Amino acid sequence: MSWIIKSLIDSLRFLVEIATVSLLIWAGWHSPSLVGRLIGGVALPIAVLLAWGRWMAPRSPFQLVEWQRLIAEIVLFGGTTMAAVAIGQTRLALSYGAVVLVSLLLTHGVR
């Protein structure tokens, strides 16, 4: 695979990761209570960032094996899609889900 295609796939992947954290923060702040906002809009995105850095970052010494990483990504990205639906952003959830699907297929399907 050429370095240009790999760079494009990695760039799309990075944008998906940024969108995931952004959507989690946005969905978390739609909670009716302050505690819900702090947990959903602050603690959950921080936990996701820490877990990603520990087990899923490309240079992590504790990186999950391929099949574990795929399952973790499906759970994380699927949960984020459902969070967007839960706050009434169905079109955004569909768009995000489609981009995630393409990213997953390119990342895990193209080697």
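Further up the page is the structure itself.
Residues numbered from 1 in each chain as written. Predicted model: local features only at pLDDT ≥ 70, side-chain atom pairs only at ≥ 80, totals over all residues. Heavy atoms only, no water.

Visitor: Which parts of the structure should I look at to understand the overall build of the protein?
Guide: A count of helices and strands for the protein gives four helices and zero strands. Mapped from its N terminus to its C terminus, the protein presents α and β elements in the order α-α-α-α. Its C-alpha atoms put the protein at 50 × 30 × 20 Å along the principal axes. Within the protein, buried positions represent 31% of all 111 residues. Long-range pairs, those at least 24 residues apart, make up 55% of the contacts in the protein with a sequence separation of at least 6. For the protein, the exposed surface amounts to about 7200 Å²; the carbon and sulfur share of it is 75%. (Helix = DSSP H or I, 4+ residues; strand = E, 2+ residues; numbered from the N terminus. Buried < 20%, exposed > 50% of the residue type's maximum accessible area, 1.4 Å probe, protein only. Contact = heavy atoms within 4.5 Å. Areas by Shrake-Rupley, 256 points an atom, 1.4 Å probe, with all protein chains shown as cover.)

Visitor: Sorry if this is basic, but what is going on with the packing of aromatic side chains here?
Guide: Counted according to the given criterion, the structure contains one aromatic pair. Ring geometry for tryptophan 52 versus phenylalanine 77: centroids 6.1 Å apart, planes at 45°, classification tilted. Of this pair, tryptophan 52 sits in helix α2 (residues 34-56) while phenylalanine 77 sits in helix α3 (residues 66-86), placing them 25 residues apart in sequence. Overall, phenylalanine 77 belongs to the buried group, its relative accessible area being 3%. Across the ring face of phenylalanine 62, the terminal group of arginine 54 is positioned such that the distance to the ring centre comes to 3.8 Å. (Phe/Tyr/Trp six-rings, centres within 6.5 Å; stacked < 30°, edge-to-face > 60°. Lys NZ or Arg CZ within 6 Å of the ring centre and 35° of its normal.)

Visitor: Quick question: what am I supposed to make of helix α1 (residues 3-28) here?
Guide: The α-helix advances 3.6 residues per turn, and as a result positions three or four apart in sequence lie on the same side. Between its first and last C-alpha atoms α1 spans 37 Å; for 26 residues at 1.5 Å apiece the expected length is 38 Å, and the two agree. Of all the positions in α1, only Ile9, Arg13, Val16, Thr20, Val21, Leu23, Leu24, Ala27 and Gly28 are classed as buried. (Expected span 1.5 Å × (residues − 1).)

Visitor: Even after reading the chapter, I still don't get the nonpolar core, so can you show me in this structure?
Guide: Counting residues in hydrophobic clusters, the biggest one holds 13 residues, and the most contacted among them are Trp52, Leu76, Phe77, Tyr96 and Val100. When sequence neighbours within four positions are dropped, the list of residues in contact with tyrosine 96 reads Val16, Ala19, Thr20, Leu23, Phe77, Thr80 and Thr81. (Core = buried A, V, L, I, M, F, W, Y, C linked by side-chain atoms within 4.5 Å.)

Visitor: In this structure, what is going on with the pattern of salt bridges? I would like to understand it.
Guide: Should the charged atoms of two oppositely charged side chains come close, the side chains can pair. Scanning the model with the defined rule gives four salt bridges in all. Note that glutamate 73 is salt-bridged to arginine 69, the shortest N-O span being 2.9 Å. Taken together, the residues span about one helical turn, with glutamate 73 and arginine 69 both in helix α3 at a distance of four residues. The residues glutamate 73 and arginine 69 share a single accessibility class, namely buried. Through salt bridges that share partners, Arg13, Glu17, Arg69 and Glu73 make up one connected network. (Salt bridge = Lys/Arg side-chain N within 4 Å of Asp/Glu carboxyl O.)

Visitor: What am I meant to see in the environment of leucine 23 here?
Guide: Within the secondary structure layout, leucine 23 lies in helix α1. Taking C-alpha positions, leucine 23 is 13 Å from isoleucine 46, a pair spaced 23 residues apart along the chain.

All quantities given are derived from atomic positions and should not be read as evidence of function.
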